[in-house]
Amino acid sequence: MDAALNGLLALADFNILVLIVAATLGGVLVGALPGLNATTGVALLLPFTITMDPIPAIAMLTAIYCAATFAGAITAILINTPGTSASATTCLDGYPLAQRGEAGKALGMAAVSSTIGGIISVVCLMAAAPLMARAAYNFAPPEYFALTVFGLSMLATIGDGSPVKNVVSGAFGVFLSTVGVDLLTSIERFTFDVRELTEGIGFVPVMIGVFGISELLVQADNLHVKRKQVIMKSIRLPSRADYKKVWRTILRSSGIGTFIGILPAEGATVASMIGYNEAKRWSKTPEEFGKGSLEGIAGSEAANNSATGGAMVPTLALGIPGSPTAAVILAGLMIHGLRPGPTMFTEQADFAFAIFWSMLLVNVLFFFIGLYGAKVFARVTLIPIQILWPIVFTFSIVGAYALEQSMLDVWIAIGSGIIGFFMRRYGFSVVPLAIGLILGGMLETRLGQSMVMLDEKWWLMATRPLTLFFFVLTFLALFGPAIWGQLFKQRSPLESTGE
Amino acid sequence: MFCAIAYWFSTQFDRVPPILKRGIQPSDFPQLILGLIVILSLVLMIRDKSPAPERMTSVVWTTLGLLVGFILVSEIDLFLGLGLFAGALTMAWGERRWLAVLLVTLAVPIMVFFLFDTVFEVRFPRGLLTNLWYG
């Protein structure tokens, strides 16, 4: 209780509040610009926060996360282009409404459901994170190792690409984390006598490369795409009848989004898809979906925003990122010398609660920004990418340099960007690479500690119930979909023949 | 190929005596991960039937070429490289309004330089242009 109050008091500083408001505005801008998303926005902001205290720094990163996730709806509704992938399902009903001259109503519904979803998830975060941390407080290295393996295995299901490719990408990220001095033995690995590499490959330049510079190369392929904005008269809040129709959908999607967010590596995109599908399944008027249903917008937006709070639960309580953006925030926490994990709620509880309160504040802030600023942000979406991306590149490079003030980081950012671009071309997601890089060091350290603890008998890990439980979950995460698919095929021969 | 080269490098790491070994040798973990990558790559070679991606457009090749150009020019001066890259990129992508080109070539790099130099106290590498400020 004291920690909650102290956290709230820590935020009661004019400068911090101004920074949070600025980051919220920046987040809405980032989310509204096609091509940029919450993960890229947080990766680009990270170097700017290095000189700040941890509370304003992390509060700004989470503000970008929450606000950008909401703002994807602005472009989804007005130009039929989701600002973030999490808003893809919002296009399905938002744009048809906008074409009918009801863009304001659609944006109003998006703002209300996003805010409610976001607030519910932060309340869940405040309750669940300390509980999860308490449960994990007595974890020994083998349990942590198994949990980290489970977190990495969840990367297999990220996006719509091949699970094997996702795991290869994640393993490559883990491999990159082995560059530098081995923390257990102080032996140099893959440093090639480059002094700057002894501390390893930095998170920030790689994040900037794979999320920012690779996107620049992807955008080079999208120059022909013309964006046309629907004219918007004004934004009005949903009517009482609208609320009556959607309140169940908002609550259901908020629950779905929070739960999906808590699962390691699963983020707002998966949440919005499931939230939308469930809204349609439970709706009395499913035939309206895809033609301008307010329930569709509410289902998608409440789910994707509630996933933000959910994703922060394992990030803060276990040190396992709940989403790609949470992975970048996790990197930010580490750079600021904080140790995400169970001890965060005993040793740094004030800090954790300050972050929770700031997320709550951001969810209220973007409601007003969304309602009164959407018209302005909608215009911003029409900035030509010929101007936008050279500017983003300039910030990316300077950001990559600024952290360690090393040109090597600039080369790493560009190299990661080019590798990331080719990975994406061949169907490999770059998100597992980033998460693998962050968790790789942790994974190796915990494996080493486990080996010491178990007298180098690694198979004894399977005799520990919790470790075994996480390994079973890992097996299910990796092979469950394939096994399920085989079973489903065998039981539904008609479907498999296409009849 | 990559895994084979990386594996060979990992065999060159120093080994620590058993008394100082903290569970695993420095080369064990990277070799474990490389092994995993090799196995998964073989699975992909056998099972992955996804079509080859479309040919890259000339704009993408130009952008990649400009990135190489940026790396070379930034050896002379980081901000010279940034300005030239941004200007060349905006024109290669079809922008012809000189005000827009000037914005990304001059205004943005200058603004970013002073923002980071004065507000964030970042010291940029000395070069042709930055020496004008640093003296």
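Residues numbered from 1 in each chain as written. Chains lettered and ligands numbered in written order. Predicted model: local features only at pLDDT ≥ 70, side-chain atom pairs only at ≥ 80, totals over all residues.

**Student:** Would you mind showing me how to read the overall build of chain A here?
**Tutor:** Looking only at helices and strands, chain A has 20 helices and 2 strands in total. Principal-axis analysis of the C-alpha atoms gives chain A an extent of 70 × 55 × 50 Å. The buried share of chain A, reckoned over its 499 residues, is 61%. Pairs at least 24 residues apart make up 79% of the contacts formed inside chain A by residues separated by at least 6 positions. (Helix = DSSP H or I, 4+ residues; strand = E, 2+ residues; numbered from the N terminus. Buried ≥ 20, exposed ≤ 12 C-beta atoms within 10 Å, placed from the backbone. Contact = placed C-beta atoms within 7 Å.)

**Student:** Help me out: how do you make sense of the nonpolar core in this one?
**Tutor:** Nonpolar side chains in soluble globular proteins tend to be buried together. By size, the foremost hydrophobic cluster in this structure holds 193 residues, and its most contacted members are A:Ile64, A:Ile77, A:Met207 and A:Ala434. When residues of this core are assigned to their parent elements, the largest contribution, 20 residues, is made by helix α4 (residues 54-79) of chain A. Of the residues that make up this core, three or more belong to each of domain 1 (2-47) and domain 2 (58-134) of chain B. Leave out the neighbours within four places in its chain, and A:Ala434 touches A:Gly173, A:Val206, A:Met207, A:Val210, A:Pro324 and A:Ala327. (Core = buried A, V, L, I, M, F, W, Y, C linked by C-beta atoms within 7 Å. Domains from an automatic or database assignment.)

**Student:** I'm lost on the interface of chain B and chain A in this one. Help?
**Tutor:** Many descriptions give the size of an interface as the accessible area lost when the pieces come together. Contact with chain B, which involves 47 residues of that partner, is made by 47 residues of chain A. For the side of chain B that touches chain A, the secondary-structure elements that each account for two or more residues are α2 (28-47), α3 (58-73), α4 (78-92) and α5 (98-119) of chain B. Each residue belonging to the side of chain B that touches chain A can be placed in one class, and the counts come to 35 nonpolar, 7 polar and 5 charged. (Nonpolar A, V, L, I, M, F, W, Y, C, P; charged D, E, K, R; others polar.)

**Student:** I keep staring at the domain arrangement of chain B and nothing clicks. Help me out?
**Tutor:** Per the domain assignment, the segments of chain B are domain 1 (2-47) and domain 2 (58-134). If you average the C-alpha positions of domain 1 of chain B and of domain 2 of chain B, the two centres end up 40 Å apart.

**Student:** What is the right way to read helix α9 (residues 203-220) of chain A from this model?
**Tutor:** One turn of an α-helix holds 3.6 residues; hence residues three or four places apart share an orientation. Residue and element names in this part refer to chain A. Here α9 spans 25 Å end to end across 18 residues, near enough to the 26 Å set by a 1.5 Å rise per residue. For α9, the principal kink sits at Gly209 and spans about 35°. In terms of residue burial, α9 counts as a mostly covered element, since 17 of its 18 residues are buried. (Expected span 1.5 Å × (residues − 1). Bend = angle between axes of the 7 residues up to and from the residue.)

**Student:** Just checking my understanding: could you explain the packing of helix α1 (residues 2-11) of chain B against α2(B) for this structure?
**Tutor:** Axes are the key here: two packed helices are described by the angle between their axes and the distance separating the axes. Residue and element names in this part refer to chain B. α2 packs onto α1 with a crossing angle of 165° between their chain directions and a minimal axis gap of 10 Å. On the basis of their axis angle, the class for α1 and α2 is roughly antiparallel. Crossing angle aside, the handedness with which α1 passes α2 is left-handed. Contacts from Cys3, Ala6, Tyr7 and Ser10 in α1 reach Pro30, Gln31, Leu34, Ile37 and Val38 in α2. Of the residues assigned to the contact of α1 with α2, the class counts are 7 nonpolar, 2 polar and no charged. (Axes fitted to C-alpha atoms, helices over the stretch in contact; angles between N-to-C directions. Parallel < 35°, antiparallel > 145°, perpendicular 65-115°, else oblique. Left-handed = near helix turned anticlockwise from the far one by under 90°.)

**Student:** Which parts of the structure should I look at to understand the confidence of the model for chain A?
**Tutor:** In low-pLDDT regions, the fine details of the predicted coordinates are not to be read closely. Residue and element names in this part refer to chain A. Here chain A averages 82 in pLDDT, while 91% of its residues score no lower than 70. Looking at the elements of chain A, mean pLDDT is at its lowest for helix α20 (residues 493-496), recorded as 40, and at its highest for helix α17 (residues 407-425), recorded as 92. The low-confidence segment residues 492-499 (pLDDT under 50) makes 2 contacts with residues lying over four places distant or belonging to another chain. (pLDDT = per-residue confidence, 0-100.)

**Student:** How should the environment of A:Leu433 be read in this particular structure?
**Tutor:** Residue and element names in this part refer to chain A. Relative to the elements of secondary structure, Leu433 occurs in helix α18 (residues 431-453). C-beta crowding within 10 Å serves as the criterion here: with 29 such atoms nearby, Leu433 is assigned to the buried category. With 153 residues separating them in the primary sequence, Leu433 and Lys280 have C-alpha atoms 34 Å apart.

**Student:** Before we go on, may I ask you to explain the packing of α9(A) against α18(A) in this structure?
**Tutor:** Residues and elements named next belong to chain A. Between α9 and α18, the shortest axis-to-axis distance is 10 Å and the interhelical angle comes to 175°. Our classification of the angle between α9 and α18 gives roughly antiparallel. From α9, Phe203, Val206, Met207 and Val210 reach across to α18, where they touch Leu433, Ala434, Leu437 and Ile438. Tallied by class, the residues present in the contact of α9 with α18 amount to 8 nonpolar, no polar and no charged.

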